[in-house]
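Spelled out from the first residue to the last, the chains are:
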Amino acid sequence: MAKIWVYAELNQGKLQSTALELMAKARELGDVEAVALGSGAKAAAATLGKHGAKVVHVNEDQSFDDFLAEPATDALAALHKEHAPDLILFGFTSDSRDIAGRLAARLDVGLISNAGDVVAKDGGFVAKVPYFGGVKVASMRANKKPAIILVRPKSFEASETGGTAEIKEAGVAIGADSKRARITERVVEASEKVKLEDAKVVIAGGRGMGGPDNFPLLEALAGALGGAVG
């Protein structure tokens, strides 16, 4: 059975919802393992186990929190060399896009981005990528292993299976030249509204609204429905 990895993105020690969405799809494709890097990785492993991960590779080195992309790329490349997964799934977020692109270049394989679905076919994997605003869908096959695919958030619904993951400490070396782009400050926007990326209801408006003065009507409707305006 194919070995499927999910990059379980953490943000300030918190597991991102995209990781759990990817777990739901990964379970359909093969045996699932996850990789969690940075503070909170071991705590996240328990949640990932409940969502179907049989193994979670963890490393809580502070470098993963302090530096952009390159330490995580080093870790994933080293883990790939040791375990050789068939497919690595990433959420289509800014941080994961940066890591996935670097990893694909490091491993000399292709990268399929912005997928809405992934299917197993003929011993490999095919990503379904929407274009023309979703009117058309292209089928893109990964010709090398590991297949690296970035998946749009909310493409799958997260669901628990009630399992328990084995936690494996990923003893990886981070190169000195990978500690270059440092995060110097984090600014969290204060808001009482539901974030667009977390909203289960999205209200959209266009030319029919007649102008910007009428858009508060959409805000009011979104508020009543517990959603967001997109």
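Criteria and thresholds
Residues numbered from 1 in each chain as written. Predicted model: local features only at pLDDT ≥ 70, side-chain atom pairs only at ≥ 80, totals over all residues. Heavy atoms only, no water. Axes fitted to C-alpha atoms, helices over the stretch in contact; angles between N-to-C directions. Helix = DSSP H or I, 4+ residues; strand = E, 2+ residues; numbered from the N terminus. Parallel < 35°, antiparallel > 145°, perpendicular 65-115°, else oblique. Left-handed = near helix turned anticlockwise from the far one by under 90°. Contact = heavy atoms within 4.5 Å. 1 Å grid on protein atoms, 1.4 Å probe; cavity = no way out; pocket = protein on both sides within 12 Å on 5 of 7 lines; lining within 4 Å. Points joined across faces, edges and corners; volume = space filled by probe spheres on them. Phe/Tyr/Trp six-rings, centres within 6.5 Å; stacked < 30°, edge-to-face > 60°. Buried < 20%, exposed > 50% of the residue type's maximum accessible area, 1.4 Å probe, protein only. Lys NZ or Arg CZ within 6 Å of the ring centre and 35° of its normal. Core = buried A, V, L, I, M, F, W, Y, C linked by side-chain atoms within 4.5 Å. Pairing = 2+ DSSP bridges.

Draft legend 1. Here's a closer look at the packing of helix α4 (residues 70–83) against helix α5 (residues 94–107). With their axes 9 Å apart at the nearest point, α4 and α5 run at an angle of 45° to one another. Taken as axis vectors, α4 and α5 run oblique relative to one another. Considering only the axes of α4 and α5, their crossing is right-handed. Within the contact between the two elements, α4 uses Glu-70, Ala-72, Thr-73, Asp-74, Leu-76, Ala-77 and His-80 and α5 uses Ile-99, Arg-102, Leu-103, Arg-106 and Leu-107.

Draft legend 2. Just empty space enclosed by the protein, in detail. One pass over the structure, following the stated rule, counts one cavity of 30 Å³ or more. A volume near 30 Å³ is recorded for the largest cavity. Forming the walls of the largest cavity are Thr-18, Glu-21, Leu-22, Val-151, Arg-152, Pro-153, Ser-155 and Phe-156. Broken down by element, the lining of the largest cavity gets its largest block of residues, three residues, from helix α1 (residues 17–29).

Draft legend 3. Highlighting the packing of aromatic side chains. Applying the stated rule across the entire model yields two aromatic pairs. Note on Tyr-7 and Phe-90: the rings are 5.3 Å apart at their centroids and 35° apart in plane angle, and the pair reads as tilted. In this pair, Tyr-7 is assigned in strand β1 (residues 3–7) and Phe-90 in strand β6 (residues 87–91), connecting sequence segments 83 residues apart. Here Phe-90 falls in the buried class, since its relative accessible area comes to 0%. With 5.1 Å between their ring centres and 45° between their planes, Tyr-131 and Phe-132 make a pair best called tilted. Using a relative accessible area of 64% as the deciding quantity, one classes Phe-132 as exposed. In this structure, Arg-97 packs its charged tip against the face of Phe-92, placed 4.6 Å from the ring centre.

Draft legend 4. Quick look at the nonpolar core. By size, the foremost hydrophobic cluster in this structure holds 34 residues, and its most contacted members are Leu-48, Val-56, Leu-87, Leu-89, Val-118 and Ile-149. If you tally residues by element for this core, the top one is α1, at six residues. Every residue in contact with Val-118, bar those within four places of it in the chain, is listed here: Lys-25, Leu-29, Leu-87, Leu-89, Phe-125, Val-126, Ala-127, Ile-149, Val-151 and Phe-156. By size, the runner-up hydrophobic cluster in this structure holds 24 residues, among which are Trp-5, Phe-90, Leu-103 and Ile-174.

Draft legend 5. The arrangement of the side chain of Asp-74 in detail. Looking at where Asp-74 falls in the secondary structure, it is placed in helix α4. For Asp-74, the contacting residues outside a window of four places in its chain are Arg-106, Ala-173, Ile-174, Gly-175 and Ser-178.

Draft legend 6. Geometry of the sheet that holds strand β4 (residues 31–37). Within the open sheet, the seven strands sit side by side as β7-β11-β6-β1-β4-β5-β12. Their pairing is parallel. Strand pairing shows two members of the sheet lacking a second neighbour, β7 (111–115) and β12 (166–169), which therefore form its edges. Ignoring which end each strand starts from, the neighbouring axes of this sheet average 25° apart. Where β7 lies against strand β11 (residues 147–151), three bridges are found, and the strand directions are parallel. Of the residues in β11, the one forming a bridge with Ala-115 is Val-151. The strands touched by helix α2 (residues 41–50) are β4, β5 (55–59) and β12; relative to β5, the strand with the most contacts, the crossing angle is about 165°.

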